[in-house]
Amino acid sequence: MTLLDDIKKVADGISAEVKEKGGAYTLRATIAERKAFLSRKKLSYIAKFRIVEDDKTVKFTEMLKEVGSGLSMGGNMDDMSPGFGFKKESYNTTSGTREGLIEEQSKLFGKDYSYNFDYAKVRKEIEAAAKTAGYKFAYQITPIGL
């Protein structure tokens, strides 16, 4: 079994997909979704990594990304447009390692959700798989140089 197979097992455990492009891999899992009349918001956990064989290192970064689209109703103090309109937005964070649960991110949806997603656990499982396979684990704040 290869290191990539072990990482794919971690991804399977959180119902995430792993895709490869140009030697870099992306692990993506939807952790919350809100659907309303003609609108939709989705919060995703995205981890990007590269397995560097030359120096036996796994370079790793992660982020949260919120994407929403659909009709807005207006009339809300937080809503910029009066009446009806179409709105598309995107949000992500890349502020270093994050610990614990991301319940506070549910505020981005404007409604509290009851979900638990421990991305620190995912990161630690990938790090453990790398070390077991004899690789170093290098966390990077941004995907530059990944």
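Going by the structure above, here's the rest.
Novice: Help me understand the pairing of strand β1 (residues 17-21), please; the structure alone is not making it clear to me.
Specialist: Every other side chain in a regular strand lies on the same face of the sheet, so the side chains alternate between the two faces. Judged from the five bridges that link them, β1 and strand β2 (residues 24-36) form a sheet pairing that is antiparallel. Within β2, the position partnered with V18 by the bridge is L27. Taking the residues between adjacent antiparallel strands as the criterion, β1 and β2 are bridged by two residues, where G22 takes a positive phi near 65°.

Novice: Where do I start with the environment of D12 in this structure?
Specialist: Here D12 is to be found in helix α1 (residues 3-13). Measuring from C-alpha to C-alpha, the distance between D12 and A29 comes to 9.8 Å, with 17 residues separating the pair along the chain.

Novice: Looking at this structure, I do not really get α1. What am I missing?
Specialist: Along an α-helix, residues three or four positions apart point the same way, because every turn accommodates 3.6 residues. When α1 is considered as a whole, its buried residues turn out to be L3, L4, I7, V10 and A11. For α1, the arc enclosing every buried residue in end-on projection is 115°, short of the 170-degree limit, so these residues lie on one face. In this structure, α1 carries K9, D12 and G13 as exposed residues pointing more than 90 degrees from its buried face. Just past α1, the residue S15 takes up positive phi, approximately 55°.

Novice: What am I meant to see in the side chain of E62 here?
Specialist: In this structure, E62 sits in strand β4 (residues 57-72). Polar side-chain contacts of E62 include one of 2.6 Å to the side chain of Y45. Within the structure, E62 has its side chain in polar contact with the side chain of R123 (distance 2.3 Å).

Novice: So what exactly am I meant to see when it comes to helix α2 (residues 119-132) here?
Specialist: Look at α2: 20 Å from first C-alpha to last across 14 residues, which is about the 20 Å you get at 1.5 Å a residue. For α2, the complete set of buried residues consists of Y119, A120, V122, R123, I126, A129 and A130. N-cap assignment for α2: the residue whose side-chain oxygen lies 3.3 Å from the backbone N of A120 is D118. Just downstream of α2 lies G134, where phi reads positive at about 90°.

Novice: Help me understand the nonpolar core, please; the structure alone is not making it clear to me.
Specialist: One broad rule of soluble globular proteins: the nonpolar side chains tend to lie buried together. Within the largest apolar cluster, 27 residues are counted, with the highest numbers of intra-cluster contacts made by L3, Y45, F49, V58 and I126. Elements with a minimum of two residues in this core: α1, β2, β3 (39-52), β4 and α2. Ignoring any residue separated from it by four or fewer positions in sequence, one finds I126 in contact with I7, V10, L27, F60 and F137.

What counts as what
Residues numbered from 1 in each chain as written. Predicted model: local features only at pLDDT ≥ 70, side-chain atom pairs only at ≥ 80, totals over all residues. Heavy atoms only, no water. Pairing = 2+ DSSP bridges. Helix = DSSP H or I, 4+ residues; strand = E, 2+ residues; numbered from the N terminus. Buried < 20%, exposed > 50% of the residue type's maximum accessible area, 1.4 Å probe, protein only. Arc of directions from axis to C-beta. Polar contact = N/O pair within 3.5 Å; in protein donor to acceptor, adjacent residues only side chain to side chain. Expected span 1.5 Å × (residues − 1). Core = buried A, V, L, I, M, F, W, Y, C linked by side-chain atoms within 4.5 Å. Contact = heavy atoms within 4.5 Å.

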